[in-house]
There are 2 protein chains.
Amino acid sequence: MAPSATEHKNKQDVDLTGQAIEHKLAEIAQLKQSNSSDKPQELDASKLTYEYTKSPRPVPASIEEACAGPETICTDHMITIAWDAETGWAAPELRPYGPLSLMPTASVLHYATECFEGLKVYRGVDGQLRLFRPDCNARRMLTSAVRISLPAFEPKELEKLIIALMSVDGPKWLPRDVPPDSYLYLRPTMIGTQAQLGVQAPRQALLYITACYLPRMNSVAGGMRLHTSPEDMVRAWVGGFGYAKVGANYGPSLQATLEAKQRGFHQVLWLYGPEGYCTEAGASNFFVVIKSRETGQVQLVTAPLDDRLILDGVTRRSIVQLARERLAGEVEVVERRYTIGELQEAHAEGRLVEAFAAGTAYFVAPVSLVHHRGQDIPFPMASADGGKYSLLAKSWISNIMYGREDHPWGVVVPEKAE
Amino acid sequence: MAPSATEHKNKQDVDLTGQAIEHKLAEIAQLKQSNSSDKPQELDASKLTYEYTKSPRPVPASIEEACAGPETICTDHMITIAWDAETGWAAPELRPYGPLSLMPTASVLHYATECFEGLKVYRGVDGQLRLFRPDCNARRMLTSAVRISLPAFEPKELEKLIIALMSVDGPKWLPRDVPPDSYLYLRPTMIGTQAQLGVQAPRQALLYITACYLPRMNSVAGGMRLHTSPEDMVRAWVGGFGYAKVGANYGPSLQATLEAKQRGFHQVLWLYGPEGYCTEAGASNFFVVIKSRETGQVQLVTAPLDDRLILDGVTRRSIVQLARERLAGEVEVVERRYTIGELQEAHAEGRLVEAFAAGTAYFVAPVSLVHHRGQDIPFPMASADGGKYSLLAKSWISNIMYGREDHPWGVVVPEKAE
């Protein structure tokens, strides 16, 4: 066997995921260089067509009012882009928000060929609309799509489409006179639509982007209380897909979450392995601040990305980066595996400083308690709003989101005149 | 704390799945005894309403013709049953087969709140339509639904609805003059339909049953060739949901399957853990027949159910039961963990007898080769159709399916006059 064939085989035998993403990106690069009209078309935001709604709907008075009912309220429009294995990506369409028609045999309804992203658009103190690091979401969406055998795309094009939807619906649905700290939530989603039963990668898919209201979730008075996961339920595992934002990570987690809520807790703290490694809090990343037993050094600790168990959260990533820059000398930022036993020890020895969950939906939510196998691990809360470091992280990031700090992570959305 | 509360807590801490299923079944039993009209309604097949199609479609000439296109061909009708957390199960409706309308925010499209079943209906040698052990599918559907936080139901009612659909569509779509060994494939499916974003159990769902053509897949000439899973991809894990027929088990498996196919293999043999335990072949159960090194005893070996890694397949279960009855003294039937290393050893020592995959879609499909990390493990094939034991298993079960043997597992469908 030729050496190159052996290399290929060995790589697939151990690391299919990494190889597949490299492969897909190479394909996209190749498509770009080719001018052949026979080749499947790339995703191209510049082809966007506009069909405006003829029945515009009223804007709710507040996020609270919008989220009171059993259905998510979306804005007037959505963007949809159909994909077919033969022809590639069709022209993106901005069109009235409304139901999708799917055959009962559609891939997504049986085999969970689906992935999504979540990001918010903010109305800044200067009156401008901003997205926060949409490039991170677009790139992660590509990773998720490849992992779940949905089609690849150039992430920059998805970012442009997200901006295009907000250019149209932002002025009405997040107007300039909205209260401070207001936002809309954007949900890019991709689903396998091919109407064929059989366990196989779908040859038709739909990428769509909706914008909606989502309840504020970062203000649990007195902090969130977490319950560790039961022994017979694992969120993600090495060799799985915990790092990807695919539907398959969420449905299976609902049962433990419901049970934790029925017992008076807010979320599940997902443990991994017999060691009890702490991974995620609900569907958010989890941070603890502890003092080192050896040196007394204050450490901001969160689970690492390299074993692919946890989501590469945009809020997580931003906190890690900003804390390294802005707390250098005061706090050591550490991405490493840590166990629930370590937290119990640190509690017993008075070394726990604080804890918080971080994610787009929950933003930065202080945690006051973790319950594990009948025992409580309380975390200090400097105030009902959280400890020093969660409040710092929240202010750094929200200053960028709301334009109080000029920063490259805040991407301004140009608005169409209403 | 009272002892009962402690017991409850400890149980949830270690075994949430088992507890939840018991709990749901107890709820159903309670609902049955209650006559209150305020309570959510149970699933009740006797409330089925009939709306026949006004545009009946032509029946394909053969399974091969039906399966040549990119879309699955379904029969004229489907059954749908809506569920709402407040009101329970609505009256089941038999209605024309057609698209479903789902909001872009529907739970199933984001969080993989979906599960399904697969079973076939057979036109027997005596002209009767038969299902094979539909009670097993209905009970497994309940297990899957509970695991993925979809509503529970009385399995017997689902079984009645499956029969009702076949009573109507069977006579036309699987007529009495169909070639021998013909069948239709039935796909009960449940999806979370609540149009609300947020990681939570859906409060609205839809159970539906369709019937369609599915390609014959048990006749790979010369046997199936399997490629072991890459190290960075695990199908299921202890504490996960490998035992449930939920979408989340399938989408994430597609990438490795596609790669294996591109290399000329038919399916992936999914290994588990550093030991390399053999679990499933593609989406089927996997059996090996080996001679014991110590005693020379022929053993039919398959992975066990108790660690919940593999699907409790109806074909698997039937083969285990029939082989224990009908091969007693000749073959020892063993459900236990076994590793790919054991198979390599048995090959080296000439103790491999045969191997086959078993499931509803593939039925009993002989395996001629497993490729693992650059090495081949060939399995003997007595003929191009398979070895002695796979052929025996196939004949036992197909005799029941096609009414050549009268057996309680073959359930006759009463047919409506056309």
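Conventions we followed
Residues numbered from 1 in each chain as written. Chains lettered and ligands numbered in written order. Predicted model: local features only at pLDDT ≥ 70, side-chain atom pairs only at ≥ 80, totals over all residues. Heavy atoms only, no water. Helix = DSSP H or I, 4+ residues; strand = E, 2+ residues; numbered from the N terminus. Buried < 20%, exposed > 50% of the residue type's maximum accessible area, 1.4 Å probe, protein only. Domains from an automatic or database assignment. Contact = heavy atoms within 4.5 Å. Buried area = accessible area lost by both parts, 1.4 Å probe. Salt bridge = Lys/Arg side-chain N within 4 Å of Asp/Glu carboxyl O. Polar contact = N/O pair within 3.5 Å; in protein donor to acceptor, adjacent residues only side chain to side chain. Nonpolar A, V, L, I, M, F, W, Y, C, P; charged D, E, K, R; others polar. Pairing = 2+ DSSP bridges. Least-squares fit on C-alpha atoms with pLDDT ≥ 70 in both.

Participant: Sorry, what's going on with unusual backbone geometry here?
Facilitator: A negative phi holds for most residues other than glycine; trans holds for most peptide bonds. Residues and elements named next belong to chain A. The phi angle at phenylalanine 363 is positive, at roughly 55°, despite the residue not being glycine. Within the secondary structure, phenylalanine 363 sits in strand β18 (residues 363-372). Judged by relative accessible area, phenylalanine 363 falls into the buried class, the value being 11%.

Participant: Got a minute to help me understand the domain arrangement of chain A in this structure?
Facilitator: Interface size is commonly expressed as the accessible area that is lost once the parts come together. All names here are of chain A. Domain annotation of chain A identifies domain 1 (40-212) and domain 2 (224-401). Distance between the C-alpha centres of domain 1 and domain 2: 28 Å. Listed by partner, the interface residues are 20 residues for domain 1 and 21 residues for domain 2. For the pairing of domain 1 and domain 2, the buried interface totals around 1800 Å² over both sides, and the portion due to carbon and sulfur atoms is 62%. Area buried by domain 1 at its contact with domain 2 is led by Phe132, Arg140 and Arg147, which between them contribute 35% of it. Here domain 1 and domain 2 share zero salt bridges between them. Where domain 1 touches domain 2, the interface holds eight residue pairs in polar contact (both at pLDDT 80 or more).

Participant: I keep staring at the interface of chain B and chain A and nothing clicks. Help me out?
Facilitator: With 82 residues of chain B in contact, the opposing surface of chain A contributes 82 residues. Together, the buried faces of chain B and chain A total about 6900 Å²; carbon and sulfur atoms form 57% of this surface. At the junction of chain B and chain A, the tally comes to zero salt bridges. For the pair chain B and chain A, the number of links is 29 residue pairs in polar contact (both at pLDDT 80 or more). Split by residue class, the side of chain B that touches chain A holds 41 nonpolar, 27 polar and 14 charged. With three bridges connecting them, strand β5 (residues 100-102) of chain A and strand β5 (residues 100-102) of chain B associate as antiparallel partners. Looking across to β5(B), one finds that Ser101(A) is bridged to Ser101(B).

Participant: Sorry if this is basic, but what is going on with the relation of the copies chain B and chain A here?
Facilitator: The transform that puts chain B on chain A rotates by 180° and translates by 0.0 Å along the axis, for an RMSD of 0.0 Å. Such a combination of turn and shift is consistent with a two-fold rotation axis. Mapped onto chain A, 100% of the interface residues of chain B again fall at the interface, so both copies present the same surface.

Participant: I tried to follow the environment of Gly341(B) on my own but got confused; where do I start?
Facilitator: By the element assignment, Gly341(B) lies in helix α9 (residues 340-348). Between the alpha carbons of Gly341(B) and Ala328(B) there is a distance of 28 Å; along the sequence they are 13 residues apart.

Participant: Looking at this structure, I do not really get the environment of Ser144(A). What am I missing?
Facilitator: All names here are of chain A. Of note, serine 144 is situated in helix α5 (residues 134-147). We classify serine 144 as buried; its relative accessible area is 0%. Residues serine 144 and lysine 245, spaced 101 residues apart in sequence, show a C-alpha to C-alpha distance of 5.6 Å. With sequence-adjacent residues up to four places away left out, serine 144 is seen in contact with Cys115, Ala244, Lys245 and Val246.

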